[in-house]
Amino acid sequence: MHKVVFVTGNEGKFAEVRDILKPFGIEVIQDKNGYPELQEDELEPIAAYGAQYAANKLKMPAMVDDSGIFIKALNGFPGPYSRFVEDKLGNSKVLKLMEGETDRTAYFKTVIGYCEPGKEPLVFPGVVEGKIAYEERGTGGFGYDPIFEYQGVTFGELGDAEKNKVSHRRRAIDSFLEWFKDKLENPESKN
Ligand SMILES: O=c1nc[nH]c2c1ncn2[C@H]1C[C@H](O)[C@@H](COP(=O)(O)OP(=O)(O)OP(=O)(O)O)O1
Ligand SMILES: [Mg+2]
């Protein structure tokens, strides 16, 4: 059984990553001590910096997940500021910003950052495209899930297992796994 430390304070993210990696024989251990989150326009540098910081602090391989929802009619807002906007506005006020907007196109993106002590960080992005609903629907998931529609159903209406089959986070973890499995099979090869 391989173990990976996942630095996050978000229980929803932790549960999803744990469930996605379990069938691959990877046990995920949550570290809630956080990491400095850079203010950047993109998620990649935030995840890279966080993973490198955590790996060097913990002196073991570390994973982080930086995510956001990017709404086309709002020029990609809130994007990397999704946490702040969830805290300050919440889904109902985001829906207010979207009043009168007929283009509901949006995407969720996760960037998994992974780093080993003394090494360069790696980033693994995953995206799922969907639409901003006209009202909150469903009580599953967390965060923006009730307002994000994927093929007509919100992530809040999908069960956890169904969300984990198609989500941005699933796609990012799949990309991480492609690299990680190769590394397990060829332990001598560098990064
Ligand atoms: O699958 C998702 N479904 C719905 N909402 C989501 C999802 N994934 C992230 N989100 C929300 C949570 C937070 O408001 C923001 C990401 O902010 P982000 O800094 O990456 O996460 P966070 O502060 O909650 O946890 P932490 O930094 O400790 O990992 O987007
Ligand atoms: Mg955060």
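Residues numbered from 1 in each chain as written. Chains lettered and ligands numbered in written order. Predicted model: local features only at pLDDT ≥ 70, side-chain atom pairs only at ≥ 80, totals over all residues. Heavy atoms only, no water.

In the nomenclature of an unreviewed UniProt entry, the chain corresponds to dITP/XTP pyrophosphatase from the organism Methanosarcina thermophila. UniProt, in the comment section headed Sequence similarities (unreviewed entry), describes the chain in these words: "Belongs to the HAM1 NTPase family." For the record of the chain, the UniProt heading Subunit (unreviewed entry) holds the text "Homodimer." (UniProt positions renumbered as here; feature names shortened; annotations may be inferred.)

## As for the pattern of salt bridges
As enumerated under the stated definition, the model contains 18 salt bridges in all. In this structure, the salt-bridge partner of Glu-16 is Lys-163, at a minimum N-O distance of 2.7 Å. Note that Glu-16 is positioned in helix α1 (residues 11-21) and Lys-163 in helix α5 (residues 160-166), a separation of 147 residues in sequence. Taking the relative accessible area as the measure of exposure, Lys-163 reaches 3% and is therefore buried. Salt-bridge contacts for Arg-169 lead to Asp-65; the nearest nitrogen and oxygen are separated by 2.5 Å. Remark: Asp-65 occurs in strand β3 (residues 62-71) and Arg-169 occurs in helix α6 (residues 168-185); sequence separation between them is 104 residues. Taken individually, Arg-169 and Asp-65 each receive the classification buried, so the pair is uniform in this respect. Here the salt bridges share partners, and the residues they tie into one network are Lys-13, Glu-16, Asp-65, Asp-145, Lys-163 and Arg-169. (Salt bridge = Lys/Arg side-chain N within 4 Å of Asp/Glu carboxyl O. Helix = DSSP H or I, 4+ residues; strand = E, 2+ residues; numbered from the N terminus. Buried < 20%, exposed > 50% of the residue type's maximum accessible area, 1.4 Å probe, protein only.)

## Examining the site of ligand 1
The local shell around ligand 1 holds 19 residues, among which Thr-8, Lys-13, Arg-83, Glu-86 and Asp-145 are the closest. Measuring from an oxygen atom of ligand 1, one finds a backbone N or O atom of Ser-82 at 3.5 Å. Burial of ligand 1 by the surrounding chains reaches 94%, relative to a free accessible area of 600 Å². Residue assignment for the shell around ligand 1 shows that the elements contributing at least two residues are β3, α3 (82-88) and α6. (Near = heavy atom within 4 Å. Polar contact = N/O pair within 3.5 Å; in protein donor to acceptor, adjacent residues only side chain to side chain. Areas by Shrake-Rupley, 256 points an atom, 1.4 Å probe, with all protein chains shown as cover.)

## A word on the side chain of Glu-116
Mapped onto the fold, Glu-116 is located in the loop between β4 (105-115) and β5 (122-132). Once residues lying within four places of it in the same chain are set aside, the contact partners of Glu-116 are Ala-55, Pro-61, Trp-179 and Lys-183. (Contact = heavy atoms within 4.5 Å.)

## Some thoughts on the UniProt feature "binding site: Mg(2+)" (unreviewed entry) in the chain
UniProt marks Glu-37 and Asp-66 with the feature "binding site: Mg(2+)" (unreviewed entry), using the numbering shown here. Annotated residues spanning 30 residues; largest pairwise C-alpha distance 8.9 Å, indicating a single compact cluster. For Glu-37, the location among the structural elements is in the loop between β2 (26-31) and α2 (43-58). Apart from the residues lying within four places of it in its own chain, the contact partners of Glu-37 are Ile-46 and Asp-66. Relative to the helices and strands, Asp-66 is located in strand β3. Owing to a relative accessible area of 5%, Asp-66 belongs among the buried residues under this scheme. Beyond its immediate chain neighbours, meaning those up to four positions away, Asp-66 contacts Lys-13, Tyr-35, Glu-37, Leu-43, Ile-46, Ala-47, Lys-109, Thr-110 and Val-111.

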